[in-house]
Amino acid sequence: MGLQPVYFEASVTTSHASRTRDAQGHLEPARVVLPELKELIPNAMQRRRMGRMMRCALANALECIKQTGRPDAIITATGLGFIEATGAFADSYLKQQEQLVSPTPFIQSTFNMLGGQLALLLGHHGPDYTLVEGFQSVPNALQMAQVLLQDHALERVLVVFYDELTPQVERILPTYGIGADYGLGDGSGAFMLMSCPKDEASIALQEVLFGQCEQENGQARPQFPIGYSCYGDVRVLEATGEFFTSNGYLVSAALRAKQRGVAIGTHGQGYYSYILLG
């Protein structure tokens, strides 16, 4: 028996600055506009300790909660985690000749740092998961939310996604085929999903499909779901650039446009997924 539909109650994403093109006509990397956190996190010391993408993702999550109410579960989705903090930790470790170093860079670099921060800020004691699944991080997180809402009788699940761009990541992403069409970028966002529709206008997450691409003329070809139209507003990725979790921005754009009966596809490394909205 398949999963029952669940419903989006809110969607928040970090905005981006306008992009320019270089002398060859290629889009420059997209850069997020840092959100104001003072109202959401009054503690100035806490704010100062946060990295750029932590600020963005926390602001998205807290704004989502402000619109809806507290979640029963938290799911974080990322392709590479807080890679800037990871680099800072590695640098400090090497500079100290692999001896004892400050724990702060290490703590800030862990994949579950965002989920932990949210749990501390909210006093959350429920399920708190972090998924690091490359291209499929957002689809897997949405499917997990669907499972939690159906099988564990929860009312609300918060899904937060993020990835950040650093000079190191700029060298890594093209090896995965990322950035060829819309250049590179980074960003974050959050969704609140619930088991029952808020009203008739609520958009449903019908299903998330996964599979292995078929080979056709040496090219990997995903199987498109019957009965759905493909949603891929190019203006979204032109604004955000491409990164492992940029498909979260496509989901958010489809929700704002009240799109139903659409499939948001992701494929890479021989596998595909489709997020089906209805």
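Residues numbered from 1 in each chain as written. Predicted model: local features only at pLDDT ≥ 70, side-chain atom pairs only at ≥ 80, totals over all residues. Heavy atoms only, no water.

Visitor: Please explain the overall build of the protein chain as it appears in this structure.
Guide: Tallying secondary structure elements over the protein chain gives nine helices and 11 strands in all. Counting across all 278 residues of the protein chain, residues that qualify as buried make up 48%. If you take every contact in the protein chain between residues at least 6 apart in sequence, the share linking residues at least 24 apart comes to 76%. Carbon and sulfur atoms provide 51% of the accessible area of the protein chain, an area that totals close to 13900 Å². (Helix = DSSP H or I, 4+ residues; strand = E, 2+ residues; numbered from the N terminus. Buried < 20%, exposed > 50% of the residue type's maximum accessible area, 1.4 Å probe, protein only. Contact = heavy atoms within 4.5 Å. Areas by Shrake-Rupley, 256 points an atom, 1.4 Å probe, with all protein chains shown as cover.)

Visitor: Even after reading the chapter, I still don't get the nonpolar core, so can you show me in this structure?
Guide: Side chains that are nonpolar tend, in soluble globular proteins, to be buried together. With 43 residues, the main nonpolar core has L142, L193 and L277 as its most contacted residues. Setting aside residues up to four positions removed in sequence, L142 forms contacts with F8, V159, F191, L193, L205, V208 and I275. Judged by nonpolar contacts, the second largest core, of 27 residues, contains I41, A59, F82 and A190. (Core = buried A, V, L, I, M, F, W, Y, C linked by side-chain atoms within 4.5 Å.)

Visitor: What is the right way to look at the pairing of strand β6 (residues 204–212) in this model?
Guide: The side chains of a regular strand alternate, first on one face of the sheet and then on the other. Taken together, the two bridges between strand β1 (residues 6–13) and β6 define a ladder with antiparallel strand orientation. Bridging from a neighbouring strand, Y7 pairs with A204 of β6. As defined by bridge partners, β6 adjoins strand β11 (residues 271–277) across seven bridges and the pair is classed as antiparallel. Opposite G211, over in β11, you have Y272 as the bridge partner. (Pairing = 2+ DSSP bridges.)

Visitor: Teacher, can you tell me more about the sheet that holds strand β2 (residues 73–78) here?
Guide: Note on sheets: strands pair through backbone hydrogen bonds, and any given pair is parallel or antiparallel. On the basis of which strands lie adjacent, the open sheet formed by nine strands has the order β3-β2-β4-β5-β1-β6-β11-β10-β9 and mixed pairing. Because the sheet does not close on itself, it has two edges, and the strands there are β3 (128–132) and β9 (229–230). Most of the contacts of helix α5 (residues 113–122) go to β2, to which it runs at about 150°, and overall it touches β2, β3 and β4 (156–163). (Axes fitted to C-alpha atoms, helices over the stretch in contact; angles between N-to-C directions.)

Visitor: Help me out: how do you make sense of the pairing of β11 in this one?
Guide: Burial of β11 is extensive: six of the seven residues sit out of reach of the surface. Sheet topology places strand β10 (residues 262–268) next to β11; seven bridges connect them, and they run antiparallel. Opposite G265, over in β11, you have Y274 as the bridge partner.

Visitor: Is there a simple way to think about the pattern of salt bridges in this case?
Guide: Close approach of charged atoms allows side chains of opposite charge to pair. Under the criterion given, the structure shown has five salt bridges. In this structure, D186 engages R52 in a salt bridge whose closest nitrogen and oxygen atoms are separated by 2.6 Å. Here D186, found in the loop between α7 (167–172) and β5 (187–194), pairs with R52, found in helix α2 (residues 52–68); they are 134 residues apart in sequence, far enough to count as distant. Two residues, R235 and D233, come together in a salt bridge whose shortest N-O distance is 2.8 Å. Since its relative accessible area comes to 60%, R235 is described here as exposed. Residues joined by salt bridges that share partners form a network here, namely E9, E155 and R156. (Salt bridge = Lys/Arg side-chain N within 4 Å of Asp/Glu carboxyl O.)

Visitor: Would you explain the environment of L80 in this entry?
Guide: Along the chain, the position of L80 falls in the loop between β2 and α3 (83–95). Linking L80 and V169, residues 89 residues apart in sequence, is a C-alpha distance of 8.8 Å. Excluding residues that lie within four positions of it along the chain, L80 makes contacts with F111, D163, V169, L173 and F244.

Visitor: Explanation requested: the side chain of S273 in the structure shown.
Guide: Considering the arrangement of structural elements, one finds S273 in strand β11. The exposure class assigned to S273 is buried, which follows from its relative accessible area of 0%. With residues up to four places along the chain from it excluded, the contact list for S273 reads Q136, P139, L209, F210, I264, G265 and T266.

Visitor: Explanation requested: the packing of aromatic side chains in the structure shown.
Guide: Any pair of aromatic rings gets described here by the distance separating the centres and the angle formed by the planes. Evaluation of the coordinates by the stated rule reveals 10 aromatic pairs. Between F135 and Y176, the ring centres sit 6.4 Å apart and the planes meet at 70°, which makes this aromatic pair edge-to-face. Here F135 is found in the loop between β3 and α6 (137–151), whereas its partner Y176 is found in the loop between α7 and β5, with 41 residues between them in sequence. (Phe/Tyr/Trp six-rings, centres within 6.5 Å; stacked < 30°, edge-to-face > 60°.)

Visitor: Even after reading the chapter, I still don't get the layout of surface pockets, so can you show me in this structure?
Guide: For the largest pocket, the calculated volume is near 640 Å³. Lining the largest pocket are 25 residues, and of these L237, E242, G265, T266 and H267 lie nearest its centre. Looking at the lining of the largest pocket, the elements that each hand over two or more residues are α8 (234–240), α9 (247–256) and β10. Of all the elements, β10 adds the most residues to the lining of the largest pocket, at four residues. (1 Å grid on protein atoms, 1.4 Å probe; cavity = no way out; pocket = protein on both sides within 12 Å on 5 of 7 lines; lining within 4 Å. Points joined across faces, edges and corners; volume = space filled by probe spheres on them.)

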